[in-house]
Amino acid sequence: MTHTCKQLDTCTARIVFEYKDGYHTWRHLSIYRIFFCGSGRPAVSQGVVLGRDVGKPSALILDVHQRDLVAICTNDLKGGKFICQYYRIGRNWVPRRLKLTCTDYCHQQVVNRIQLCDIAPDNQVDSSDCTLQDFLAETHPAWLKDILCRQIQHWHLNRLERFFCLAPSRATYDEIRICINDYPAHALAHYKQQLTRRQIRSCVRRSLRGAVMHAFEELSPSLVEQAVVDHPHEMIRYAASKLTDSQLERCAQLAPYAAFVCRAGMPPARQAAMLAISYPYCAIIYFNHHPALRSEFIQSITFHPAKWLSYHGHSYTKLFRRLRNRLGLKLSASDLQGIMNRTPEEYFQPLMNYIAGQL
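As a starting point, this report considers the structure included with it. Keep in mind that this is a model prediction, so the values were computed, not measured.

Cut-off values and rules
- Residues numbered from 1 in each chain as written.
- Predicted model: local features only at pLDDT ≥ 70, side-chain atom pairs only at ≥ 80, totals over all residues.
- Heavy atoms only, no water.
- Helix = DSSP H or I, 4+ residues; strand = E, 2+ residues; numbered from the N terminus.
- Buried < 20%, exposed > 50% of the residue type's maximum accessible area, 1.4 Å probe, protein only.
- Areas by Shrake-Rupley, 256 points an atom, 1.4 Å probe, with all protein chains shown as cover.
- Phe/Tyr/Trp six-rings, centres within 6.5 Å; stacked < 30°, edge-to-face > 60°.
- Contact = heavy atoms within 4.5 Å.
- Axes fitted to C-alpha atoms, helices over the stretch in contact; angles between N-to-C directions.
- Parallel < 35°, antiparallel > 145°, perpendicular 65-115°, else oblique.
- Pairing = 2+ DSSP bridges.
- Arc of directions from axis to C-beta.
- Patch = residues over 30% accessible without salt bridge, like charges linked within 9 Å, V, L, I, M, F, W, Y side chains within 5 Å.
- Salt bridge = Lys/Arg side-chain N within 4 Å of Asp/Glu carboxyl O.
- Lys, Arg positive; Asp, Glu negative; His and termini not counted.
- Charge placed at Lys NZ, Arg CZ, Asp CG, Glu CD.
- Polar contact = N/O pair within 3.5 Å; in protein donor to acceptor, adjacent residues only side chain to side chain.
- Expected span 1.5 Å × (residues − 1).

### Examining the overall build of the protein
Across its full length, the protein carries 18 helices and nine strands. Counting only C-alpha atoms, the protein reaches 75 × 60 × 30 Å along its principal axes. Burial statistics for the protein: of 359 residues in total, 47% are counted as buried. When the accessible surface of the protein is totalled, it reaches about 18,800 Å², and 50% of it is carbon and sulfur.

Here's what the structure looks like:
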């Protein structure tokens, strides 16, 4: 099957297959990534199908890892046929067709072919509008470019909001006015420089989420406080540097996964706060498979004990007990010695009290 593949990072690539048989409303077409999740059970994530024009080829897009099992499935309701094609993603990112006869990914014959265990959350290309927008703007082979152009034209005619979101540069002046009136978040995201002050304020009033992401400077203090409660994920991702420590930490409590993922781009003290708040909910997903996290925990606790202790009853005993119970993180004598040698002076005695209690 014709395909193209682009490596995204050291362990992920985006592969696109051309389905040439022609799309029909009675033919359900889908593409899946199949792997073992952290519990050891088979898991499936679905990619996206673009170019759903009757009788014309479609593009099936999926983010994959090496050794992944990929299934392309068609369910012809008209003829009652359910057909799957299975592929193995090789170490050079080339898909190799597998000879499997079963039609259900849970069938033992398929399960026996799963090689990859992936405990991290799986994010496919259609799970983020900005990711799909970036994909559409890239350079593609001629066969794929034709499919994507047809898809954009379909959105233009039938789903105008998707058109503004994913192909904003193609909008006319009159269409931009429609966007301002009907889709304020997209207007702030893509056409803010063309808006008057009055139009910007109108969009902010009608889309607080869009304002957090694209016009934070327009928010009043009361709207910022409202956004902390209503849109904590977006506040962390798009406006963390503009928040007070208190506001950011409240957002982290409401959106711990966003805090965990976004902590790396923050100053060290804020990184410590994000980690101290979010690890009970998120770090267990990664901890045993990312040894560097252990060092990050120890270093963060050493240099920023105030943040950690404030969320653990101001007690080293409670802090280290919870890390042990939640993550299995046990501190050796050398770990404790290193923390003791570098911890701030005002926290030295509480730490020594904890160590004495362990003897």
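### With respect to the packing of aromatic side chains
Counting across every chain of the model gives eight aromatic pairs. For the ring pair Phe 164 and Tyr 183, a centre distance of 5.8 Å and an interplane angle of 55° mean the geometry is tilted. Here Phe 164, found in helix α4 (residues 160-166), pairs with Tyr 183, found in the loop between α5 (173-182) and α6 (184-190); they are 19 residues apart in sequence, far enough to count as distant. Classification of Phe 164 by relative accessible area gives buried; the value is 0%. Measuring from ring centre to ring centre gives 5.8 Å for Phe 297 and Trp 308, while their planes differ by 55°; the resulting arrangement is tilted. Within this pair, whereas Phe 297 is found in helix α14 (residues 292-303), its partner Trp 308 is found in helix α15 (residues 305-310), the two being separated by eleven residues in sequence. For the pair Phe 297 and Trp 308, a shared accessibility class is recorded, and that class is buried. Feature note: the residues Phe 163, Phe 164 and Tyr 183 constitute an aromatic cluster, connected by ring pairs.

### Digging into the side chain of His 186
By secondary structure assignment, the location of His 186 is in helix α6. Apart from the residues within four sequence positions on either side, His 186 is in contact with Glu 161, Phe 164, Cys 165, Cys 179 and Tyr 191.

### Comments concerning the packing of helix α9 (residues 221-230) against helix α11 (residues 245-254)
Remark: α9 packs on α11, axes separated minimally by 8 Å, with the N-to-C direction vectors making an angle of 25°. Taken as axis vectors, α9 and α11 run roughly parallel relative to one another. The residues of α11 that touch α9, namely those facing Val 224, Glu 225, Val 228 and Val 229, are Gln 247, Arg 250, Cys 251 and Leu 254.

### So, the sheet that holds strand β2 (residues 13-19)
With antiparallel pairing, four strands are arranged side by side in an open sheet as β1-β2-β6-β5. Two strands bound the open sheet, and with one partner strand each, they are β1 (3-7) and β5 (48-50). Going from strand to strand, the sheet's axes swing by 20° on average, the running direction of each strand aside. Strand direction decides the pairing type here: β2 and strand β6 (residues 58-64), joined by seven bridges, are antiparallel. Across the sheet, residue Tyr 19 finds its bridge partner in β6, namely Ser 58.

### Observations concerning helix α2 (residues 129-137)
Considered for burial, the residues of α2 that qualify are Leu 132, Phe 135 and Leu 136. The buried residues of α2 occupy one face: seen down the axis, they fall within an arc of 100°.

### Considerations on a positive patch on the surface
Among the surface-exposed residues, Lys 318, Arg 321, Arg 322, Arg 324, Arg 326 and Lys 330 lie close enough to one another that they form a single positively charged patch. Mapped onto the secondary structure, Arg 321 falls in helix α16 (residues 316-327). With a relative accessible area of 39%, Arg 321 lands in the partly exposed category.

### Looking at the side chain of His 140
Within the secondary structure, His 140 is located in the loop between α2 and α3 (142-158). A polar atom in the side chain of His 140 sits 2.7 Å from the backbone oxygen of Phe 135. Engagement of the side chain of His 140 in a polar contact is seen with the backbone oxygen of Glu 138, the distance being 3.4 Å. Those residues in contact with His 140 that sit more than four places away from it in its chain are Phe 135, Lys 145 and Leu 148.

### Side note on α14
Taking 1.5 Å of rise per residue, twelve residues should cover 16 Å, and α14 covers 17 Å from first to last C-alpha, within 8% of that figure. Within α14, the full set of buried residues consists of Leu 293, Phe 297, Ile 298, Ser 300, Ile 301 and Thr 302.

### A closer look at the pairing of β1
Consecutive side chains along a regular strand alternate between the two faces of the sheet. Where β1 and β2 come together, five bridges link them in antiparallel fashion. Within the sheet, the bridge partner assigned to Thr 4 lies in β2 and is Val 16. Counting the residues in the hairpin turn of β1 and β2 gives five residues.

### Quick word on the environment of Ile 301
The residue Ile 301 is located in helix α14 in this model. Relative accessible area serves as the criterion here: at 2%, Ile 301 is assigned to the buried category. Along the primary structure Ile 301 and Leu 319 are separated by 18 residues, whereas in three dimensions their C-alpha atoms are 9.5 Å apart. Setting aside residues up to four positions removed in sequence, Ile 301 forms contacts with Trp 308, Tyr 316, Leu 319, Phe 320 and Leu 323.

### Examining the pairing of strand β8 (residues 81-89)
In this structure, strand β7 (residues 69-76) lies alongside β8, joined through eight bridges in antiparallel fashion. Within β8, the residue paired with Asp 76 across the bridge is Lys 81. Inspection of the sheet shows β8 paired to strand β9 (residues 95-98) by four bridges, in the antiparallel sense. Within β9, the residue paired with Arg 88 across the bridge is Arg 96. In this structure, the hairpin formed by β8 and β9 is closed by a connection of five residues, where Trp 93 is found at a positive phi of approximately 70°.

Fair warning: the whole summary comes from geometry, so function is off the table for now.
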